[in-house]
Amino acid sequence: MSAPHVQTPANGTPALDVARLREDFPVLHQQVNGKPLVYLDNAATAQKPAAVIEAISRYYREDNSNVHRGVHTLSERATAAYEGARETLREFLNAASTKEIIFTRGTTEAINLVAQAWGRANLGPGDEVLITHMEHHSNIVPWQLVCEQTGATLRVAPINARGEVEMDEFERLLGERTKLVAVGHVSNALGTINPVARMIELAHAHDALALVDGAQAMPHMAVDVRALGADFYALSGHKMFGPTGIGVLYGCEALLAAMPPWQGGGDMIKAVSFDGTVYSDLPYKFEAGTPHIAGAIGLAAAVDYLAGVGREAIAAYEADLLAYTEARLGEIEGLRLIGTAENKAAVASFVLDGVHAHDLGTIVDHHGVAIRAGHHCAMPVMEFFGVAATARASLAFYNTREEIDALVAALHEAREIFG
Ligand code: C6P
């Protein structure tokens, strides 16, 4: 049986019923500056379907309570929903056990957890952590911090003019000193899809661990952490149509079990005395304090929603929409795409001769079009391409060709104003 939003035409390729899908997203149906909202800032945060909003609202209206603590009915219901969400995430990522699913505030916290809990215990002078030149600051700064703290060295694999990792150089930088490779699955500033399976394989061939920053991959593609062979995989709920303030660190059970806790507090202990503390088992050892219960429930609702839409159908639709977007942007004189990798997700970053990216953002907003302008928390990428900032249209499956046409019309106006 096909999912309700997917139409399967005679040629067998599933196509999305986008008009119907858009009905699931209340926020999309409004005017901004007198024009229909065109939301093209999905890489910053994606919009939420009613199913997610309702799951959160239902939890607060009917079940709100703390988890793992009370013996009363509401607490049992909240605990069941929270742990049910963990199982939903386990299945979604194809992790082996719910012990491997740690709820965090998002990708940033997940990476910091690994840098501090694993890094402080396992890195020392002479050891190396390898990242790439296209990483988000969240996958740079935590490693800089732990390298400062432990005396380890941070190495950076270069990228080429299309915004792809130079794989020969990546391989050359791997050696016996490399203890961990940390790479983005999809670049938020360029859209590049990195060959993470190959990178993980190379890391393992050198006895290094591999962490993947999956923040920008999750909304666009299916991810199977076991097929990838990732030791750690980090994601943010809000970029995959779930709530803000919730994310996941997937970690291989044996590694997590051997790591010391990161934060101390309630729920991460079995027994505390002034002589010493016995920590909880996984995954609770890494979840100190009251968690974002409603967030986890909302994220599970987002996962169910995505599964219902169909990951394959989303990928096919977005590939077509990205091709259309890049072709239409290519018609604009003086526009340069930043990030032209062969393998790209639905992100179009660009600069326009004579118009600052921030001015572009403001002008298109007058037309109801939301894009992001800036360095996208990837300043080394901007430096590499010799620009201070880019304008970025980042797409989701609910975007349409008509919306891209609205963006292009607004950009033409920007050219006229500044040209
Ligand atoms: N990128 C963007 O507009 P958090 O903030 O923890 O949910 O995600 C951080 C993060 C980590 N890695 C990548 C590749 C990301 O794109 C982001 C967030 C947003 O591109 C905000 S800067």
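About the criteria used
- Residues numbered from 1 in each chain as written.
- Predicted model: local features only at pLDDT ≥ 70, side-chain atom pairs only at ≥ 80, totals over all residues.
- Heavy atoms only, no water.
- Pairing = 2+ DSSP bridges.
- Helix = DSSP H or I, 4+ residues; strand = E, 2+ residues; numbered from the N terminus.
- Axes fitted to C-alpha atoms, helices over the stretch in contact; angles between N-to-C directions.
- Contact = heavy atoms within 4.5 Å.
- Phe/Tyr/Trp six-rings, centres within 6.5 Å; stacked < 30°, edge-to-face > 60°.
- Buried < 20%, exposed > 50% of the residue type's maximum accessible area, 1.4 Å probe, protein only.
- Lys, Arg positive; Asp, Glu negative; His and termini not counted.
- Salt bridge = Lys/Arg side-chain N within 4 Å of Asp/Glu carboxyl O.
- Polar contact = N/O pair within 3.5 Å; in protein donor to acceptor, adjacent residues only side chain to side chain.
- Expected span 1.5 Å × (residues − 1).
- Arc of directions from axis to C-beta.
- Near = heavy atom within 4 Å.
- Areas by Shrake-Rupley, 256 points an atom, 1.4 Å probe, with all protein chains shown as cover.
- Domains from an automatic or database assignment.
- Buried area = accessible area lost by both parts, 1.4 Å probe.
- Nonpolar A, V, L, I, M, F, W, Y, C, P; charged D, E, K, R; others polar.
- Left-handed = near helix turned anticlockwise from the far one by under 90°.

## Observations concerning the sheet that holds strand β10 (residues 209-213)
Where strands meet in a sheet, backbone hydrogen bonds hold them as pairs that are either parallel or antiparallel. Read from one edge to the other, the open sheet built from 7 strands follows the order β6-β12-β11-β10-β9-β7-β8, with strand pairing classed as mixed. Of all strands in the sheet, those bounded by a partner on one side alone are β6 (101-104) and β8 (153-157). Taking the axes of each pair of neighbouring strands and ignoring which way they run, one obtains an average angle of 20° across the sheet. Direction of pairing for strand β9 (residues 178-184) relative to β10: parallel, over a ladder of 5 bridges. The residue of β10 that forms the bridge with Val 183 is Val 212. Here helix α4 (residues 107-122) sits on the sheet and contacts β6, β9, β10, β11 (232-236) and β12 (247-251); the angle it forms with β11, its principal contact strand, is near 150°.

## A short note on the packing of aromatic side chains
Working definition: an aromatic ring pair is given by the centre-to-centre distance plus the angle between the planes. Inspection of the entire model under this criterion finds 11 aromatic pairs. An angle of 65° between the planes, with centres 6.0 Å apart, marks the rings of Phe 25 and Phe 397 as edge-to-face. Of the two residues, Phe 25 is situated in the loop between α1 (18-22) and β3 (31-32) and Phe 397 in the loop between β19 (390-394) and α14 (401-418); the sequence distance between them amounts to 372 residues. Each of the two residues, Phe 25 as well as Phe 397, counts as buried. Taken together, the ring pairs in this structure connect Phe 25, Phe 241, Tyr 305, Phe 397 and Tyr 398 into an aromatic cluster.

## What about the side chain of Asp 231?
You can see Asp 231 is positioned in the loop between α8 (225-228) and β11. No salt bridge is formed by the buried Asp 231; its nearest oppositely charged neighbour, Arg 226, is found at 12 Å. Side chain to side chain, Asp 231 and His 204 meet in a polar contact 2.8 Å long. Each residue touching Asp 231, except ones within four places of it in the same chain, is listed here: His 204, Leu 209, Ala 210, Tyr 250, Gly 251, Cys 252 and Leu 255.

## Some details on helix α2 (residues 50-63)
For α2, spanning 14 residues, the distance from its first C-alpha to its last is 19 Å, which sits close to the expected 20 Å at 1.5 Å a residue. Regarding α2, the residues found buried are Val 52, Ala 55, Tyr 59 and Asp 63. End-on view of α2: buried residues confined to an arc of 60°, all on one side of the axis.

## Quick notes on the site of the ligand
The local shell around the ligand holds 17 residues, among which Thr 108, Asp 213, Gln 216, Ser 236 and Arg 372 are the closest. Note that a nitrogen atom of the ligand is positioned 3.0 Å from one of the side-chain N or O atoms of Lys 239. Between the ligand and Arg 372 there is a distance of 2.4 Å, counted from an oxygen atom to a side-chain nitrogen or oxygen. In isolation the ligand has 510 Å² of accessible area, and contact with the protein removes 87% of it.

## Things to note about the domain arrangement of the protein
When cut into domains, the protein gives domain 1 (6-32 + 310-417) and domain 2 (53-307). Just the C-alpha atoms count here: the centres of domain 1 and domain 2 sit 28 Å apart. Between domain 1 and domain 2, the contact holds 35 residues from the first and 30 residues from the second. Buried surface at the junction of domain 1 and domain 2, both sides included, amounts to about 2600 Å², of which 59% is carbon and sulfur. Broken down residue by residue, the surface that domain 1 buries against domain 2 is led by Arg 311, Cys 377 and Phe 384, which jointly contribute 24%. Between the two partners, domain 1 and domain 2, sit 0 salt bridges. Our count for the contact surface shared by domain 1 and domain 2 stands at 18 residue pairs in polar contact (both at pLDDT 80 or more). Looking at the side of domain 1 that touches domain 2, the elements with two or more residues in it are α11 (311-330), β16 (347-352) and α13 (379-385). Class assignment for the residues of the side of domain 1 that touches domain 2 results in 22 nonpolar, 7 polar and 6 charged.

## Re the packing of α2 against helix α10 (residues 293-309)
Remark: α2 packs on α10, axes separated minimally by 8 Å, with the N-to-C direction vectors making an angle of 145°. The interaxial crossing formed by α2 with α10 has right-handed handedness. Counting all contacts with α2, which are made through Ala 51, Val 52, Ala 55, Ile 56, Tyr 59 and Tyr 60, the residues of α10 involved are Ile 293, Ala 294, Ile 297, Gly 298, Ala 301 and Ala 302. A breakdown of the residues in the contact of α2 with α10 according to their chemical character gives 11 nonpolar, 1 polar and no charged.

## Quick look at the pattern of salt bridges
Opposite charge on two side chains makes pairing possible when the charged atoms of those side chains draw close. Inspection of every chain in the model, using the stated rule, returns 19 salt bridges. Across the pair Lys 99 and Glu 253 runs a salt bridge whose closest N-O atoms are separated by 3.7 Å. Of this pair, Lys 99 sits in the loop between α3 (73-93) and β6 while Glu 253 sits in helix α9 (residues 253-258), placing them 154 residues apart in sequence. A salt bridge links Lys 344 to Glu 326, with the nearest nitrogen and oxygen atoms 2.6 Å apart. Taken together, the residues span a long stretch of sequence, with Lys 344 in the loop between β15 (335-338) and β16 and Glu 326 in helix α11 at a distance of 18 residues.

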